Amino acid sequence: MSRKYKFLDKEGLYFVSFATVNWIDVFVRPVYYEIITESLIYCQKNIGLQLYCWCIMPSHIHLIFSAADNNPEIVLGRFKEHTAKQTLKAITENVQESRKEWMLWMFKRAGAKSSNNTHYQFWQHNNKPIALWTPKVIEQKADYLHNNPVEAGFVNEAWHWKYSSAVDYAGGKGLIDVAWYK
């Protein structure tokens with residue numbers, strides 16, 4: 001079986017999860033979270049990302065999204081490529097990053113093993129897109145991604161996690177505007 005999962009319905013709504021190589025906890029500093037949130041906002045405004053739910057965890061990201069131009073694999077690919085470059089740059093330039101050498105070594109090692117990269121590999125290749133066909137499945141995946149920080153023990157209530165759309169679904173205003181599925 002191919003390690004690359006497929007977006008079969010280009011017009012569909014999808015749940016995706018993707019992680020850093022070796023599940024490295026990169027997103028533990030605001031500067032790295034901001035790269036992701038700013039990139040999601042950019043993708044919404046400029047390349048047709050329709051974002052319904054999102055959650056950034058220390059080593060991985062969950063999204064429920066669709067693509068305005070029916071090209072979810074291109075939107076997600078551009079997002080991952082940009083965030084990989086920007087996060088690696090931020091790690092490299094962060095004089096206070098105590099794990100800098102180790103993380104860069106791990107990313108370089110992963111890149112050397114991959115035919116798709118010339119230097120570093122930041123994200124794992126698979127996205128595991130799951131098409132969301134029914135309101136019940138949409139709700140299940142939204143609950144799963146919003147409760148991820150609770151299950152990890154980071155917060156007691158999902159809407160307390162700053163890097164998630166849970167606050168939007170609890171009646172507040174989060175960091176990123178979300179679309180509402182109809």
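First, a word on what this report is: a plain description of the structure on this page. Being a predicted model, the structure only gives us computed values, none of them experimental.

The rules behind these values
Residues numbered from 1 in each chain as written. Predicted model: local features only at pLDDT ≥ 70, side-chain atom pairs only at ≥ 80, totals over all residues. Heavy atoms only, no water. Helix = DSSP H or I, 4+ residues; strand = E, 2+ residues; numbered from the N terminus. Polar contact = N/O pair within 3.5 Å; in protein donor to acceptor, adjacent residues only side chain to side chain. Contact = heavy atoms within 4.5 Å. Buried < 20%, exposed > 50% of the residue type's maximum accessible area, 1.4 Å probe, protein only. Pairing = 2+ DSSP bridges. 1 Å grid on protein atoms, 1.4 Å probe; cavity = no way out; pocket = protein on both sides within 12 Å on 5 of 7 lines; lining within 4 Å. Points joined across faces, edges and corners; volume = space filled by probe spheres on them. Nonpolar A, V, L, I, M, F, W, Y, C, P; charged D, E, K, R; others polar.

**Side note on the side chain of His60**
Part 1: Along the polypeptide, His60 turns up in strand β3 (residues 60–67).
Part 2: Engagement of the side chain of His60 in a polar contact is seen with the side chain of Asn148, the distance being 3.1 Å.
Part 3: With near-sequence residues (within four places) excluded, His60 lies in contact with Phe18, Ala19, Trp23, Cys55 and Asn148.

**Description of unusual backbone geometry**
Part 1: A positive phi angle, near 55°, is found at Asn22, a position not held by glycine.
Part 2: Turning to its location among the elements, Asn22 is positioned in the loop between β1 (14–19) and α1 (30–46).
Part 3: Owing to a relative accessible area of 48%, Asn22 belongs among the partly exposed residues under this scheme.
Part 4: You will see that Asn70, though not glycine, has its phi angle at about 55°, which is positive.
Part 5: By secondary structure assignment, the location of Asn70 is in the loop between β3 and α2 (72–93).

**Some details on the pairing of β3**
Part 1: Where burial is concerned, most of β3 is hidden: eight out of the eight residues are buried.
Part 2: Alternating residues of β3 divide into His60, His62, Ile64 and Ser66 and Ile61, Leu63, Phe65 and Ala67, and every residue in both groups is buried.
Part 3: Pairing between β1 and β3: six bridges, direction antiparallel. Each bridged residue has a counterpart across the sheet, and for Val16 the counterpart in β3 is Leu63.
Part 4: As paired elements, strand β2 (residues 49–56) and β3 share seven bridges and run antiparallel to each other. When the sheet's bridge partners are listed, Leu49 is paired in β3 with Ala67.
Part 5: Here β2 folds back onto β3, and the loop between the two strands holds three residues.

**Looking at empty space enclosed by the protein**
Part 1: According to the stated counting rule, one finds one cavity of 30 Å³ or more in the structure shown.
Part 2: For the largest cavity, the calculated volume is near 30 Å³.
Part 3: Around the largest cavity, the lining residues are Leu40, Leu49, Leu63, Phe65, Val75, Leu76 and Phe79.
Part 4: Contributing elements (two or more residues each) for the lining of the largest cavity: β3 and α2.
Part 5: The greatest single-element share of the lining of the largest cavity, amounting to three residues, is contributed by α2.
Part 6: Across the lining of the largest cavity, the residue classes break down as seven nonpolar, no polar and no charged.

**Some thoughts on the environment of Thr134**
Part 1: With respect to the helices and strands, the residue Thr134 is situated in the loop between β4 (130–131) and α4 (135–151).
Part 2: By relative accessible area, which is 34% here, Thr134 ends up partly exposed.
Part 3: The spacing of Thr134 and Glu157 is 23 residues in sequence and 26 Å in space, taken between C-alpha atoms.

**Here we look at the layout of surface pockets**
Part 1: The volume enclosed by the largest pocket comes to roughly 720 Å³.
Part 2: Cys53, Ala142, Asp143, His146 and Tyr169 are, among the 18 residues lining the second largest pocket, the residues nearest its centre.
Part 3: Among the elements of the structure, β2, α4 and α5 (166–169) are those that each provide at least two residues to the lining of the second largest pocket.
Part 4: Considering every element that reaches the lining of the second largest pocket, the biggest residue donor is α4, with seven residues.
Part 5: Among the residues making up the lining of the second largest pocket, the classes are represented as 13 nonpolar, two polar and three charged.

So far we have only geometry, and geometry alone does not tell us how the molecule works.
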